[in-house]
Amino acid sequence: MNSNNPVLGRGFGQGQRYASWNAAPAPSPGDLQDMYDRPAYAPPARFMTLDDVVMKTAITLGVVVATGALAWVFNLGGLAIVGALVGFVLALVISFRQSTSPALILSYAAAEGLFLGAISRVFNDVYPGIAIQAVVGTAAVFGGMLVVYKTGAIRVTPRFTRWLLGALIGVVVLMLVNFIAALIGGGDGLGLRSGGPLAIAFSLLCIGIAAFTFLLDFDLIDQGIRQSVPERFAWYAAFGLVVGLVWLYLEILRLLSYFRE
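Residues numbered from 1 in each chain as written. Predicted model: local features only at pLDDT ≥ 70, side-chain atom pairs only at ≥ 80, totals over all residues. Heavy atoms only, no water.

S.K.: Before we go on, may I ask you to explain the overall build of the protein in this structure?
M.R.: Looking only at helices and strands, the protein has nine helices and zero strands in total. In the protein, which comprises 261 residues, the proportion classed as buried is 33%. Here the contacts in the protein between residues at least 6 apart in sequence split such that 80% fall between residues at least 24 apart. (Helix = DSSP H or I, 4+ residues; strand = E, 2+ residues; numbered from the N terminus. Buried < 20%, exposed > 50% of the residue type's maximum accessible area, 1.4 Å probe, protein only. Contact = heavy atoms within 4.5 Å.)

S.K.: Just to check I follow, could you spell out the nonpolar core for this structure?
M.R.: It is characteristic of soluble globular proteins that their nonpolar side chains tend to be buried jointly. Judged by nonpolar contacts, the single largest core of 56 residues is most densely connected at Val 53, Ile 94, Tyr 108, Phe 214, Phe 218 and Phe 239. If you list the elements that add at least two residues to this core, you get helix H3 (50–73), helix H4 (80–97), helix H5 (102–126), helix H6 (130–151), helix H7 (158–185), helix H8 (197–226) and helix H9 (233–260). No other element matches the 16 residues that H9 contributes to this core. Beyond its immediate sequence surroundings of up to four residues, Phe 214 is in contact with Phe 142, Met 145, Leu 241, Gly 244, Leu 245 and Leu 248. (Core = buried A, V, L, I, M, F, W, Y, C linked by side-chain atoms within 4.5 Å.)

S.K.: I keep staring at the pattern of salt bridges and nothing clicks. Help me out?
M.R.: Once the charged atoms of two side chains with opposite charge are near each other, the side chains can pair. Under the defined criterion, the tally for this structure stands at five salt bridges. Members of the salt-bridge network, linked through shared partners, are Arg 46, Asp 52, Lys 56 and Glu 231. (Salt bridge = Lys/Arg side-chain N within 4 Å of Asp/Glu carboxyl O.)

S.K.: Would you mind showing me how to read the layout of surface pockets here?
M.R.: Gaps left between atoms show up when a probe the size of a water molecule is rolled over them. There is about 510 Å³ of room inside the second largest pocket. Lining the second largest pocket are 19 residues, with Val 64, Val 65, Leu 116, Val 135 and Tyr 249 sitting closest to its centre. Contributing elements (two or more residues each) for the lining of the second largest pocket: H3, H5, H6 and H9. Residue classes in the lining of the second largest pocket are distributed as 14 nonpolar, five polar and no charged. (1 Å grid on protein atoms, 1.4 Å probe; cavity = no way out; pocket = protein on both sides within 12 Å on 5 of 7 lines; lining within 4 Å. Points joined across faces, edges and corners; volume = space filled by probe spheres on them. Nonpolar A, V, L, I, M, F, W, Y, C, P; charged D, E, K, R; others polar.)

S.K.: Even after reading the chapter, I still don't get the side chain of Asn 178, so can you show me in this structure?
M.R.: Within the fold, Asn 178 resides in helix H7. The buried category is assigned to Asn 178, whose relative accessible area is 9%. Beyond its immediate sequence surroundings of up to four residues, Asn 178 is in contact with Asp 188, Gly 189, Leu 190, Gly 191, Leu 192 and Arg 193.

S.K.: Please clarify how the side chain of Glu 251 should be interpreted in this entry.
M.R.: Position of Glu 251 among the secondary structure elements: in helix H9. Judged by its relative accessible area of 2%, Glu 251 falls in the buried class. Once residues lying within four places of it in the same chain are set aside, the contact partners of Glu 251 are Met 175, Arg 193, Ser 203, Cys 206 and Ile 207.

S.K.: Just checking my understanding: could you explain the packing of aromatic side chains for this structure?
M.R.: Aromatic rings considered in pairs are described by the distance between their centres and by the relative angle of their planes. Under the defined criterion, the tally for this structure stands at ten aromatic pairs. An angle of 80° between the planes, with centres 6.1 Å apart, marks the rings of Trp 163 and Phe 212 as edge-to-face. Taken together, the residues span a long stretch of sequence, with Trp 163 in helix H7 and Phe 212 in helix H8 at a distance of 49 residues. Here Trp 163 falls in the partly exposed class, since its relative accessible area comes to 49%. Centroid distance Phe 233 to Tyr 236: 5.7 Å. Interplanar angle 45°. Geometry classified as tilted. With Phe 233 and Tyr 236 both in helix H9 and three residues apart, the pair spans about one turn of that helix. Given a relative accessible area of 21%, Phe 233 falls into the partly exposed group. Residue class for Tyr 236 comes out buried when judged on its relative accessible area of 15%. Here a set of aromatic residues connected by ring pairs shows up, and it is made of Tyr 108, Phe 233, Tyr 236 and Phe 239. (Phe/Tyr/Trp six-rings, centres within 6.5 Å; stacked < 30°, edge-to-face > 60°.)

S.K.: In this structure, what is going on with the confidence of the model for the protein? I would like to understand it.
M.R.: Detailed reading of predicted coordinates is not advised where the pLDDT is low. Mean pLDDT over the protein stands at 86; residues scoring 70 or higher make up 83%. Predicted confidence for residues 6–24 stays below pLDDT 50, and this span has three contacts to residues more than four positions away or in other chains. (pLDDT = per-residue confidence, 0-100.)

S.K.: I keep staring at the environment of Phe 202 and nothing clicks. Help me out?
M.R.: Position of Phe 202 among the secondary structure elements: in helix H8. Residue Phe 202 is classed as buried on the basis of its relative accessible area of 5%. Counting along the chain gives 49 residues from Phe 202 to Glu 251, while the straight-line C-alpha distance between them is 9.5 Å.

S.K.: Before we go on, may I ask you to explain the packing of H5 against H9 in this structure?
M.R.: In a packed pair of helices, the relevant descriptors are the angle between the two axes and the axis-to-axis distance. Look at H5 against H9: their axes get within 11 Å of each other, and the N-to-C directions meet at 10°. If you check the angle between H5 and H9, you find them roughly parallel. Between H5 and H9, the residues in contact are Pro 102, Ile 105, Leu 106, Tyr 108, Glu 112, Phe 115, Leu 116, Ile 119, Ser 120 and Phe 123 and Trp 235, Tyr 236, Phe 239, Val 242, Val 243, Val 246, Tyr 249, Leu 250, Leu 253 and Ser 257, respectively. Partitioned by chemical class, the residues of the contact of H5 with H9 number 17 nonpolar, two polar and one charged. (Axes fitted to C-alpha atoms, helices over the stretch in contact; angles between N-to-C directions. Parallel < 35°, antiparallel > 145°, perpendicular 65-115°, else oblique.)

What follows is the structure, encoded as structure tokens:
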């Protein structure tokens, strides 16, 4: 037989492979069980996109607006302090754990909405139209900071981040000291919320810091998209944006009330 014949050679090779396959040992019952117990194929997890952040932010803000509207309509001013305390505790839990749980974040949004709706109703009863003015001012500042970030007018660098975090901590400490002083000595404490020139300057400082925190949020979102973080991280990004919006709205509301006086 001529082994150089390509047809015979191909048939001979196939025969060898068939023989080697038949010679392979059959899988044992244990091997079959292992194969059966293996998890089914799972597609790779989705990565966060800008659309995810926009959608999660819209949902979170929607909860804030919905609960705020209920508190406004039913005049739930007595529950304002409850909403503020629950929102503060949930914000601490989410921040320190860097939680991406939709349940926690939407619960925070509901608590803050209850607080904002109740306190806005109180302010608006005293100064008619002030709530809608604060909403417009908040939206304008947010849009302006988005333009600043997109144009690169202010770049988020490590030095900028350290400066902003230091200023944020300083403002929070001043708020706590003012609150404690008001509890102990009565009155307006250090005068940071008295409505005078010092209070106006402090509110302007808080508005500026709150506005700059949006730059950190935008940068965090950009980095997350570039690094292909999981899609659930969009909830945490939405939480950061809503926290900034809530703080900014409250400070603008206070500032407008000072000017009304």
